[in-house]
Amino acid sequence: PLIVRPLQYRCNNIMILPVPAQTATIGFSYSVAGLLFPFQAGVTNKLQEDNHLLPSTPLNGASGGSLAVACAASPTVISTEEALASSLRIANRCTKEGAIFNLERILREELSVMCTQEMVNEINARPSRVDFLWTSAPSLQRRSSGPPFDCPDDLIDILSASCHIPLYSSVNPVTSVQGEWGLDGFLSAPSAL
């Protein structure tokens, strides 16, 4: 965990007091990933090993980064190894079936196996923010969706929208999410938490 030393110092005549250690937290924002997901999974694994990813750690991600956030926010449900195996299954299917116009279907089919009610419950139970970013069409405004989710399909819809590359993921340029048309979170890159 992040430890703030109980020191005081002055900077331009402004006294800066330390934040108590129990309230000091850092959040992590996962960028758009695509082929970088294995690296994000590795970073997530290291952060978990070093106790930097706690239930109180805020998380957000866009596009492939939203997939990494879903894994990071439910560490007792899905391991790094399971997440990497899942990404390899997706890559192999895309190689075999072709990614263009098939990616959304392949991703949703894999997510339907990986996103369980147990995962939804763990994400919902986190005391910190968990945000999955996607882009609203046609306004191109950033949308952030997070818990609570009622069921795995709610989470799958958000993750699918966050990863929806227009005219690549499917023949449709947009996908339906939370009663709106949405597309890849790339257009709404994560902001600092």
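Residues numbered from 1 in each chain as written. Predicted model: local features only at pLDDT ≥ 70, side-chain atom pairs only at ≥ 80, totals over all residues. Heavy atoms only, no water.

(A) Representation of the pattern of salt bridges in the model. For the coordinates displayed, the defined rule picks out 10 salt bridges. One salt bridge in this structure joins Glu109 and Arg93, with 2.6 Å as the shortest N-O distance. Residue Glu109 is found in helix 4 (residues 103-114), and its partner Arg93 is found in helix 3 (residues 80-97); the two are separated by 16 residues along the sequence. Note that Glu180 is salt-bridged to Arg143, the shortest N-O span being 3.2 Å. With a gap of 37 residues between them, Glu180 in strand 8 (residues 180-183) and Arg143 in strand 6 (residues 141-145) connect regions that are remote in the sequence. Counted as one network, the salt bridges with shared partners bring together Arg93, Glu97, Arg105 and Glu109. (Salt bridge = Lys/Arg side-chain N within 4 Å of Asp/Glu carboxyl O. Helix = DSSP H or I, 4+ residues; strand = E, 2+ residues; numbered from the N terminus.)

(B) Layout of the pairing of strand 6. The pairing of strand 5 (residues 130-137) with strand 6 spans 5 bridges and is classified as antiparallel. Its bridge partner lying in strand 6, Thr135 is registered against Arg142. The antiparallel hairpin formed by strand 5 and strand 6 contains 3 residues in its connecting segment, where Leu140 sits at a positive phi of about 60°. (Pairing = 2+ DSSP bridges.)

(C) The environment of Pro173, seen in detail. Its location among the elements puts Pro173 in the loop between helix 6 (152-162) and strand 7 (175-177). Of the residues examined, Pro173 reaches a relative accessible area of 41% and is grouped as partly exposed. In this structure, the C-alpha to C-alpha distance between Pro173 and Leu183, residues 10 residues apart in sequence, is 7.6 Å. (Buried < 20%, exposed > 50% of the residue type's maximum accessible area, 1.4 Å probe, protein only.)

(D) Summary view of the packing of aromatic side chains. Inspection of the entire model under this criterion finds 1 aromatic pair. Each ring, one from Phe132 and one from Phe149, has its centre 6.0 Å from the other, and the planes form 50°; the classification is tilted. Linking Phe132 in strand 5 with Phe149 in the loop between strand 6 and helix 6, this pair joins segments that are 17 residues apart in sequence. Here Phe132 and Phe149 have matching classes, each one buried. (Phe/Tyr/Trp six-rings, centres within 6.5 Å; stacked < 30°, edge-to-face > 60°.)

(E) Geometry of the side chain of Asn102. Residue position: Asn102 is located in the loop between helix 3 and helix 4. For Asn102, a relative accessible area of 18% corresponds to the buried category. Within polar-contact distance, the side chain of Asn102 engages the backbone oxygen of Gly98 at 2.9 Å. Those residues in contact with Asn102 that sit more than four places away from it in its chain are Glu97, Tyr168 and Ser169. (Polar contact = N/O pair within 3.5 Å; in protein donor to acceptor, adjacent residues only side chain to side chain. Contact = heavy atoms within 4.5 Å.)

(F) Structural detail: a nonpolar patch on the surface. On the surface, Ile100, Phe101, Ile165, Leu167, Tyr168 and Val171 cluster together into a nonpolar patch covering about 540 Å² of accessible area. Position of Tyr168 among the secondary structure elements: in the loop between helix 6 and strand 7. For Tyr168, a relative accessible area of 31% corresponds to the partly exposed category. (Patch = residues over 30% accessible without salt bridge, like charges linked within 9 Å, V, L, I, M, F, W, Y side chains within 5 Å. Areas by Shrake-Rupley, 256 points an atom, 1.4 Å probe, with all protein chains shown as cover.)

(G) The arrangement of the nonpolar core in detail. One finds Tyr30, Leu59, Phe132, Leu155 and Leu159 to be the most contacted residues of the largest nonpolar core, which totals 40 residues. At the level of elements, strand 3 (28-30), helix 1 (37-49), helix 2 (64-72), helix 3, helix 4, helix 5 (117-125), strand 5 and helix 6 are the ones that each hand at least two residues to this core. No other element matches the 6 residues that helix 2 contributes to this core. (Core = buried A, V, L, I, M, F, W, Y, C linked by side-chain atoms within 4.5 Å.)

(H) Looking closely at helix 4. The terminal C-alpha atoms of helix 4, which comprises 12 residues, lie 16 Å apart, in line with the 16 Å expected from a rise of 1.5 Å per residue. By the burial criterion, the buried members of helix 4 are Leu103, Glu104, Ile106, Leu107, Glu110, Leu111 and Met114. Seen from one end, helix 4 has its buried residues packed into an arc of 160°, which puts them on one side. Those residues of helix 4 that are buried lie in contact with helix 2, helix 3, helix 5, helix 6 and strand 7. (Expected span 1.5 Å × (residues − 1). Arc of directions from axis to C-beta.)

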